[in-house]
Amino acid sequence: MIFSQLPFDNQLVIQLPADQESGNFSRQVENAAYSFVNPQKTQQAAVVSINDQLALQFGFSQADIDHEKIAAVLTGNILLAGMQPYAMNYGGHQFGHWAGQLGDGRAINLGQLNTPDDGLQTLQLKGAGQTPYSRNADGLAVLRSSVREYLCSEAMFHLGIATTRALSLCLTGDRVVRDMFYDGHPKEELGAVVCRVSPSFLRFGSFQLPAVRGDNALLKQLVDFSINQNFPHLGAPSKEVYIAWLKEISEKTCQLMVDWMRVGFVHGVMNTDNMSIISETIDYGPYGWIDAFDLNWTPNTTDAQGKRYCFGAQAEIAQWNLFQLANALYPLIEDAEPLNKILQDYATLYEQLWQEMMQAKLGLDTLHAESDAKLFMQLEKLLSEQEVDMTIFYRLLATMPEHESQWQEHFSASFYQFPHLESDYLTGFINWLTAYQQRLNLNKSDAQQRKKRMNAVNPKFVLRNYLAQQAIEKAESGDYSMIEQLLQVLQKPYDEQVEFEHFANKRPDWAKDKAGCSMLSCSS
């Protein structure tokens, strides 16, 4: 077959223990990191979109991409030489409560591809059928959620944020029943599979489960494997290296949270089983992008009351999750002091990185920690008091006119209720802009240099919720053109792209409360 030259090197399968039960039925899996399982055969696999650039980068040829059987390969209907499909075993805290064994309930790893420039990359099919970890679920996914994952992972990558990548999106030809909002109204939807890729799909929960079970042998194997595979610069595994490993995970996770805040991304379900050990954004479920700036906003209907995973809580939740990882690691270190220090340092580091991020967003040459922090907090308070589009506001801030008389008109496009703003609010807004302009006087760079720097960190284009929903609705009717358009636009999120200006518009009124545009469930 034409794909025979793809080199698979399945180090995870080689180095970690497998489930000894070969049957594919729901069960508790002990003393094993994974279970072998084949993807479910689909009726009629068909390509919706292939990330050609990524495929070529990973060693696929153009002939592979164009091959008539590429859809069968990317849905698991055809297994290539070297593929060893498996589902991973892990646990996790869900909404703050220990949930026990979870595992890959609808994800099946095809194998680790040895890529020319990016090392080992695991190809994983999301929605490929039941596994021993599916519990009572069917292990399948629908086009709706698959489009969202496919588009968002690529949007995040081009924003410069650590993330899993998306190689392909395919239809299965099957119909899948889903109750989108768990309200007793299930319906049939189009089945789909996303092939996503990452150097590692290990999660915090991968280490929690053996630790909770007292399986320190498996815990050590997993930690050593992670260090050797993805943190080799730390050296050979030892107690000191385990501490350094956690420290690096903590620091990278902290940076990830700052990056999410910078662009207005809300993950929606930061359970410990959805936290990547290599600090990538992983598991795009009920995520959302901030339209009107609101630190309390969550896109997840399941979290609508508690708001545990709302926009402004993400950094704190990440620290809580790191605490759970540190607890899991303790049996290998048996010394709480260095672990506690790492967790304490996280808060200090986050404050530092957050201030540096805000400094960049506002185009300041230098950071005056105390006075600038006050300026930053005042801005967030102002943005929270009215419906101000976060993305549009920061882009307009880069081209703020010099004269106060022009400010209201200049920023009007970023307000959802501009004609109805109260005078007291406008006064406060103008006062902040005056203070900001005075702060800019301390810059040595000129206005054009500042604009260039600001536009390099404040995106023009993000995957707005209503845009994703429009692309889904078109795709469900067989029109995939908007998926391809969005992929093209989102590859250059910081550029103006005048021909795609309509994709930078703020949320239309009809989308404020529309399903898929404002709130989503954990349903696939």
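Calculation notes
Residues numbered from 1 in each chain as written. Predicted model: local features only at pLDDT ≥ 70, side-chain atom pairs only at ≥ 80, totals over all residues. Heavy atoms only, no water. Helix = DSSP H or I, 4+ residues; strand = E, 2+ residues; numbered from the N terminus. Rg over C-alpha atoms; globule rule 2.2 N^0.38 Å. Buried < 20%, exposed > 50% of the residue type's maximum accessible area, 1.4 Å probe, protein only. Contact = heavy atoms within 4.5 Å. Areas by Shrake-Rupley, 256 points an atom, 1.4 Å probe, with all protein chains shown as cover. Lys, Arg positive; Asp, Glu negative; His and termini not counted. Charge placed at Lys NZ, Arg CZ, Asp CG, Glu CD. Core = buried A, V, L, I, M, F, W, Y, C linked by side-chain atoms within 4.5 Å. Pairing = 2+ DSSP bridges. 1 Å grid on protein atoms, 1.4 Å probe; cavity = no way out; pocket = protein on both sides within 12 Å on 5 of 7 lines; lining within 4 Å. Points joined across faces, edges and corners; volume = space filled by probe spheres on them. Nonpolar A, V, L, I, M, F, W, Y, C, P; charged D, E, K, R; others polar. Salt bridge = Lys/Arg side-chain N within 4 Å of Asp/Glu carboxyl O.

S.K.: In this structure, what is going on with the overall build of the chain? I would like to understand it.
M.R.: Looking only at helices and strands, one finds 17 helices and 12 strands in the chain. Taken against the 2.2 N^0.38 rule, which gives 24 Å for 524 residues, the C-alpha radius of gyration of the chain at 24 Å falls within 12% of a compact globule. Principal-axis analysis of the C-alpha atoms places the extent of the chain at approximately 70 × 60 × 45 Å. Classification of the 524 residues of the chain by burial places 59% in the buried group. The contacts of the chain with a sequence gap of at least 6 include a subset with a gap of at least 24, amounting to 71%. By element, 49% of the accessible surface of the chain is carried by carbon and sulfur atoms, the whole surface being about 21,000 Å². Here the chain contributes 41 positive and 61 negative side-chain charges, whose respective centroids are spaced 1 Å apart.

S.K.: Looking at this structure, I do not really get the nonpolar core. What am I missing?
M.R.: Soluble globular proteins tend to pack their nonpolar side chains together in the buried interior. Formed by 137 residues in total, the largest nonpolar core has its most connected members in Trp289, Leu362, Leu397, Tyr436, Leu463 and Ile483. With 12 residues, the top contributor of residues to this core is helix 8 (residues 239-263). In contact with Leu463, other than residues within four places in its own chain, are Arg148, Leu151, Cys152, Ala155, Tyr287, Trp289, Ala468, Leu486 and Leu490. Among the nonpolar cores identified, the runner-up in size contains 31 residues, and Ala55, Val73, Leu80 and Cys195 belong to it.

S.K.: What exactly am I supposed to notice about the pairing of strand 5 (residues 97-101) here?
M.R.: A regular strand carries its side chains on alternate faces of the sheet. Sheet analysis places strand 4 (residues 91-94) next to strand 5, joined by three bridges and oriented antiparallel. If you follow His93 over to strand 5, its bridge partner there is Trp98. In this structure, the hairpin formed by strand 4 and strand 5 is closed by a connection of two residues, where Phe95 is found at a positive phi of approximately 50°.

S.K.: I'm lost on the layout of surface pockets in this one. Help?
M.R.: Gaps left between atoms are located by rolling a probe of water-molecule size over the structure's atoms. Volume-wise, the second largest pocket comes out at about 320 Å³. Lining the second largest pocket are 19 residues, with Ala292, Asp294, Trp297, Arg507 and Lys512 positioned closest to its centre. The class makeup of the residues in the lining of the second largest pocket is eight nonpolar, four polar and seven charged.

S.K.: Got a minute to help me understand the pattern of salt bridges in this structure?
M.R.: For side chains bearing opposite charge, pairing can occur when the charged atoms are close. For the coordinates displayed, the defined rule picks out 26 salt bridges. Between Asp138 and Arg178 there is a salt bridge, and its shortest N-O distance comes to 2.9 Å. With Asp138 in the loop between strand 7 (119-126) and strand 8 (141-142) and Arg178 in strand 9 (residues 165-178), the pair connects residues that are 40 residues apart, well separated along the chain. Residue Asp345 is joined to Lys341 by a salt bridge in which the shortest nitrogen-to-oxygen separation is 2.8 Å. Of this pair, Asp345 and Lys341 are both found in helix 10 (residues 336-361), four residues apart, which corresponds to roughly one turn of the helix. Overall, the relative accessible area of 33% leaves Asp345 in the partly exposed class. For Lys341, a relative accessible area of 48% puts it in the partly exposed group. Through salt bridges with shared partners, a single ionic network connects Lys126, Glu149, Arg196, Arg203 and Asp283.

S.K.: I would appreciate a short explanation of unusual backbone geometry in the present structure.
M.R.: Positive phi, normally seen in glycine, also occurs at Ser279, with a value near 60°. Examined against the element boundaries, Ser279 turns out to sit in the loop between strand 11 (265-266) and strand 12 (288-289). Phi is positive for Lys307, which is not a glycine, with a value near 50°. The residue Lys307 is located in the loop between strand 12 and helix 9 (314-333) in this model.

S.K.: Whenever I open this one, empty space enclosed by the protein confuses me. Can you help?
M.R.: If you walk through the whole model with that rule in mind, you get six cavities of 30 Å³ or more. Taken as a whole, the largest cavity encloses approximately 70 Å³ of empty space. Forming the boundary of the largest cavity are 13 residues, of which Thr42, Gly127, Leu140, Thr172 and Asp174 lie nearest the centre. Of all elements in the fold, only strand 9 and strand 10 (187-198) reach the threshold of two or more residues within the lining of the largest cavity. Classifying every residue of the lining of the largest cavity by side-chain character gives six nonpolar, six polar and one charged.

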